[in-house]
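Per-entry structural report
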Amino acid sequence: MTLWGGRFSEPTDADLRALNDSIGFDQRMYKEDIQGSMAWAGALAEAGVISGDDAEQIIDGLEQVRAEFDAGTFEFKAGDEDIHTAVERRLTELIGAIGGRLHTGRSRNDQVATDVRLWTMNALTELKDALLMLITELVSKAEAHRDTLMPGYTHMQPAQPITVEKWLDSYANMAARDVERLNQAYTNAREAMPLGSGALAGTPFPINRLHLIEQLDFGNYNANSLDAVSDRDFVADALYAMSMIGVHLSRLGEDLILFSNPAFGFVTLDDRYSTGSSLMPQKRNPDPMELARGKAGRLIGNLTGLLTTLKGLPSGYNKDLQEDKEPLFDSFDTLMKLLPVVTAVIKTLKLNPDKMRAALDPDMLATDLADYLVKKGMPFREAHHVAGRAVKLAAEQGIKLPELSLDALRGLSDLFDADVAAVFDFEESVRRRKI
Ligand code: ARG
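Below: a short report on this structure. (Residues numbered from 1 in each chain as written. Predicted model: local features only at pLDDT ≥ 70, side-chain atom pairs only at ≥ 80, totals over all residues. Heavy atoms only, no water.)

What follows deals with the overall build of the chain. In terms of regular secondary structure, the chain is built from 17 helices and 4 strands. Taking 2.2 N^0.38 as the reference for a compact globule, 435 residues should give roughly 22 Å; the C-alpha atoms of the chain span a radius of gyration of 31 Å, well beyond that estimate. In the chain, the share of contacts with a sequence separation of at least 24, taken over all contacts with a separation of at least 6, comes to 76%. Counting every atom, the chain has about 21400 Å² of accessible surface; 52% of that belongs to carbon and sulfur. With 47 positive and 66 negative side-chain charges, the chain shows a separation of 6 Å between the mean positions of the two kinds. (Helix = DSSP H or I, 4+ residues; strand = E, 2+ residues; numbered from the N terminus. Rg over C-alpha atoms; globule rule 2.2 N^0.38 Å. Contact = heavy atoms within 4.5 Å. Areas by Shrake-Rupley, 256 points an atom, 1.4 Å probe, with all protein chains shown as cover. Lys, Arg positive; Asp, Glu negative; His and termini not counted. Charge placed at Lys NZ, Arg CZ, Asp CG, Glu CD.)

This is the structure in structure tokens:
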């Protein structure tokens, strides 16, 4: 018997069932579904809709169903359309007709919205832990390289010397913002417990929703039942937070791919986190970071897909909303696979300070040269021009900026003095900028 067999005389077409069923993916919400149903059974009893004895039997039965899922012994049957159907079907097998009282005053619409919120809260908590591990490794690697200098880039062109600490810490900063976004998405999922909304119009029974939110650890319940059953903003928020993590991991990936290229040689990925080529014996490929870059597309795609699903929906629940779960699960699974590997790449990353040092070009101190003139009283615009002339002059003479003679410099401005030599010091350049 299907959940809605009463008004039909023919069974659902098998192809439609294959299309319609979500059990293949929503069974991973079994814990949340059972947790919500237990709380609902208690709420029904509290409201005097079912007896305390019935509620107890239902809750015990649900406990057994959960044990079967936990043990991997739960047997699915044809007709288990989704996790809600499967749990209720099994409950009724175990405790008989009383199981049929559980769905009183409830709809799968407020039920699934509740399940997905609970699942999202749990997932975001796990994700945050994984992200904090990455931050820990980024910060500890950064701290070990407070004084290691490397070229800093803008437009991917040599710009000014920076420390490795600043480089790695920039990613820790991005990840810290990502943690904030995860926290916000968590709060958004937690803010509106939908149970009591029914299919759309609200439940007719005097359910104590304050008690329900306490039991399920929600922060609040929803204010509008019609909104609550179709509100998936919190899924979009979670997908956005996860997309931003993807964007940041992708950028980190791009840096490591480039810096591990022998033309740079700044970093070496550990053997355990590099791959070889089946054809070219010399190859050492940064696959994990290429995947970090590549997976960002998938994470952004999941967000875009959900937003596209949501944008055309009329009021209330629509079956389109069943499309919320796969992108959500996929983004979570993607990051839970990716984050530990990226964390290990950072932890085991070998930095090559000599290569970084060798890539520091004295031209990268041209700004310092301009700043020198500023300190002697020249307006910065003019100083910028003079320093540019100095760079050009050195290039014409085929020498580096610090090799220009004092005479040559004085030919550009009489503010130059013997103390100009102190400008050409990478360490000093970095130290001066530690405000
Ligand atoms: N499997 C459905 C989903 O994921 C559950 C809700 C079904 N509701 C309904 N009225 N058919 O959205």
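There is more to say after this.
Moving on to the side chain of His248. Looking at the secondary structure, you find His248 in helix 10 (residues 233-260). Side-chain polar atoms of His248 contact the side chain of Asp178, separated by 2.7 Å. Discounting chain neighbours no more than four positions away, the residues touching His248 are Tyr171, Met174, Arg177, Asp178 and Arg181. (Polar contact = N/O pair within 3.5 Å; in protein donor to acceptor, adjacent residues only side chain to side chain.)

Around the ligand, the structure places Ser22, Asp82, His84, Arg108, Asn109, Val112, Tyr317, Gln322 and Lys325. A distance of 2.5 Å is found between an oxygen atom of the ligand and a side-chain nitrogen or oxygen belonging to Tyr317. Protein coverage of the free-state accessible area of the ligand, which is 340 Å², stands at 86%. Counting residues per element, the shell around the ligand draws most heavily on helix 6 (residues 108-143), at 3 residues. (Near = heavy atom within 4 Å.)

Once that is clear, we can look at the nonpolar core. If you look at the biggest cluster of nonpolar residues, it comprises 90 residues, and the most contacted ones within it are Leu127, Trp167, Leu249, Leu256, Val267, Met289 and Leu335. Residue contributions to this core peak at 14 residues, all from helix 6. In this structure Leu335 touches Leu127, Met242, Ile245, Leu249, Leu299 and Pro340, once residues within four positions along its chain are discounted. Met364, Leu373, Val386 and Val420 belong to the second largest nonpolar core, which has 24 residues in total. (Core = buried A, V, L, I, M, F, W, Y, C linked by side-chain atoms within 4.5 Å. Buried < 20%, exposed > 50% of the residue type's maximum accessible area, 1.4 Å probe, protein only.)

Although it is not a glycine, His155 sits at a positive phi angle of roughly 55°. The residue His155 is located in the loop between strand 1 (149-154) and strand 2 (157-163) in this model. For His155, a relative accessible area of 75% gives the class exposed. Unusually for a residue other than glycine, Met156 sits at a positive phi of about 65°. Topologically, Met156 is positioned in the loop between strand 1 and strand 2.

Let's shift gears to the side chain of Asp54. As for its placement among the helices and strands, Asp54 is situated in helix 4 (residues 52-71). If we skip the residues at most four places from it in the chain, Asp54 touches Ile98 and Arg101.

Over its 13 residues, helix 5 (residues 83-95) extends 18 Å from the first C-alpha to the last, a length consistent with the 18 Å expected when each residue adds 1.5 Å. Of all the 13 residues making up helix 5, 10 are buried; the element is thus mostly covered by neighbouring parts of the structure. Looking at helix 5, one finds that the buried residues are Ile83, His84, Thr85, Ala86, Val87, Glu88, Arg89, Arg90, Leu91 and Ile95. Once helix 5 finishes, Gly96 follows within two positions and takes phi at roughly 80°, a positive value. (Expected span 1.5 Å × (residues − 1).)

Structural measurements only, silent on function.
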